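Chain by chain, the residues run as shown.
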Amino acid sequence: MIRLALVTGATGGLGRELVDQLLARGYRVRATGRDAAIGARLKTEFVPADLTTDPLAPLVAGVDMVFHLAALSSPWGSRAAFKAINVTATERLLASARAAGCCGMVYASTPSIYAAPRARIGLTEDSPVGSRFANAYAATKYAAERLTLEADTPGFRTVAIRPRAIVGPNDTVLLPRILRAAGRGRFPLPGGGEALIEPTDVRDAAAAFVAADRHLAVAGGQAINISGGDPRPVRELLGKLFGRIGETPRFVAVPTGLAMTLAGAMEQVAALLPGRPEPPVTRYGVMTFAFSQTMRLDRARDLLDWVPRHRVEAMIAHALPERIDA
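Throughout this document, residue positions are counted from 1 along each chain, in the order its sequence is written. For a predicted model such as this one, the threshold for reporting local features is a pLDDT of at least 70, and the threshold for listing and counting side-chain atom pairs is 80 or more; totals across whole chains, interfaces and linings nevertheless cover every residue. Note: side-chain values were computed over all heavy atoms of the structure, leaving out hydrogens and water.

Visitor: Looking at this model, I keep getting lost on the overall build of the protein. Mind explaining?
Guide: Along its length, the protein carries 13 helices and 15 strands. C-alpha atoms define the radius of gyration, and 2.2 Å times the number of residues to the power 0.38 defines the globule rule. On C-alpha atoms alone, the protein measures out to a radius of gyration of 19 Å, which is about the 20 Å that the 2.2 N^0.38 rule sets for 326 residues. Oriented by its inertia axes, the alpha-carbon framework of the protein measures out at about 55 × 40 × 40 Å. Within the span of the protein, comprising 326 residues, buried residues form 53% of the whole. Residues are treated as being in contact if the distance between any of their heavy atoms lies within 4.5 Å. The contacts of the protein with a sequence gap of at least 6 include a subset with a gap of at least 24, amounting to 80%. Per-residue and other accessible areas were derived by the Shrake-Rupley procedure at a 1.4 Å probe size, with only the shown protein chains allowed to occlude residues. Total accessible area computed for the protein in this model is approximately 14300 Å², and 55% of it derives from carbon and sulfur atoms. The charge count includes Lys and Arg as positive and Asp and Glu as negative, but it does not include His or the ends of the chains. Lys charges are placed at NZ, Arg charges at CZ, Asp charges at CG and Glu charges at CD. Charged side chains of the protein number 39 positive and 30 negative; the gap between the two group centres comes to 4 Å. Going along the chain from the N terminus, every DSSP run of H or I of four or more residues is numbered as a helix, and every run of E of two or more is numbered as a strand. The cut-offs for exposure are 20% and 50% of the maximum accessible area for each residue type, with area from a 1.4 Å probe on protein chains only; residues under the lower value are buried, those over the upper are exposed, and the others partly exposed.

This is the structure we're talking about:
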């Protein structure tokens, strides 16, 4: 039987890759997302919807599996906005999917829940989350993950995938911020860029979501870490990214404590400005670059029969296929 999949957040980088992989595997796909222009270019049915307010019964009607990727993904923003998009929307989608008789949901969670001002090496799914979440994004994504996994039953299976730092050609979160910083000519590196970072190729991340649907019987009720399995020092990774686009910003080592203090001050100022604009640097951003975070992928291998297939060099070539000569 051909499965009908619903992909929320389908106009983001991961969503677009997942739609393509599902179609290639013979699924029928219904997609929804915030960018109607991109949605119209997807090679499948696209249904615009606001998951926080619109009736969701028409969206999930006839659907076998929901892949829930929609989220407010940012290091900065109002807690109310994060709660509405990340928690309330997930709660409404779960209720509608169960009422419609869907088989279950695969939810895009985040390893940002592990973020802390210290190195964390070899994290497993049972490693404690941060005692105090780094930002509202991590807090609300964890709350939505808990809702999703608590909804797991024999008739409605749920899985949460925690993909680390997804990199791909349609990325709107990580790469744009890095490349904007490169354009300034100087790139501050907390701790000198020695921390390990473990990005995930968007193709590997999407494959993990497909694998979760194929292995629901054993993966149901589980959170599963995903990464590229190829940790590199931050300085090395950035050097490869900048070299790919012909940029040569000067790396400036900054003591980690000073970077955290300055980022905290910038956040306080931004919080007082009209519209609370995102500050140039956040404490979460400093943590991302200053403290190592690597994953153990045993559960992904054992439950999903999944391993990453793309190393950092192939990931960068795929994300930035055209070199810009200086």
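Okay, back to it.
Visitor: Where do I start with helix H9 (residues 234-244) in this structure?
Guide: Three- or four-residue spacings in an α-helix give side chains the same orientation, since the helix completes a turn every 3.6 residues. The complete set of buried residues in H9 reads Val234, Leu237, Leu238, Leu241 and Phe242. Across the axial projection of H9, the buried residues extend over an arc of 125°, all falling on one side. Where H9 terminates, the next one or two residues include Gly246, which has phi positive at roughly 75°. As used here, the arc belongs to the directions running from the helix axis to the C-beta atoms.

Nothing here speaks to function; it is all geometry.
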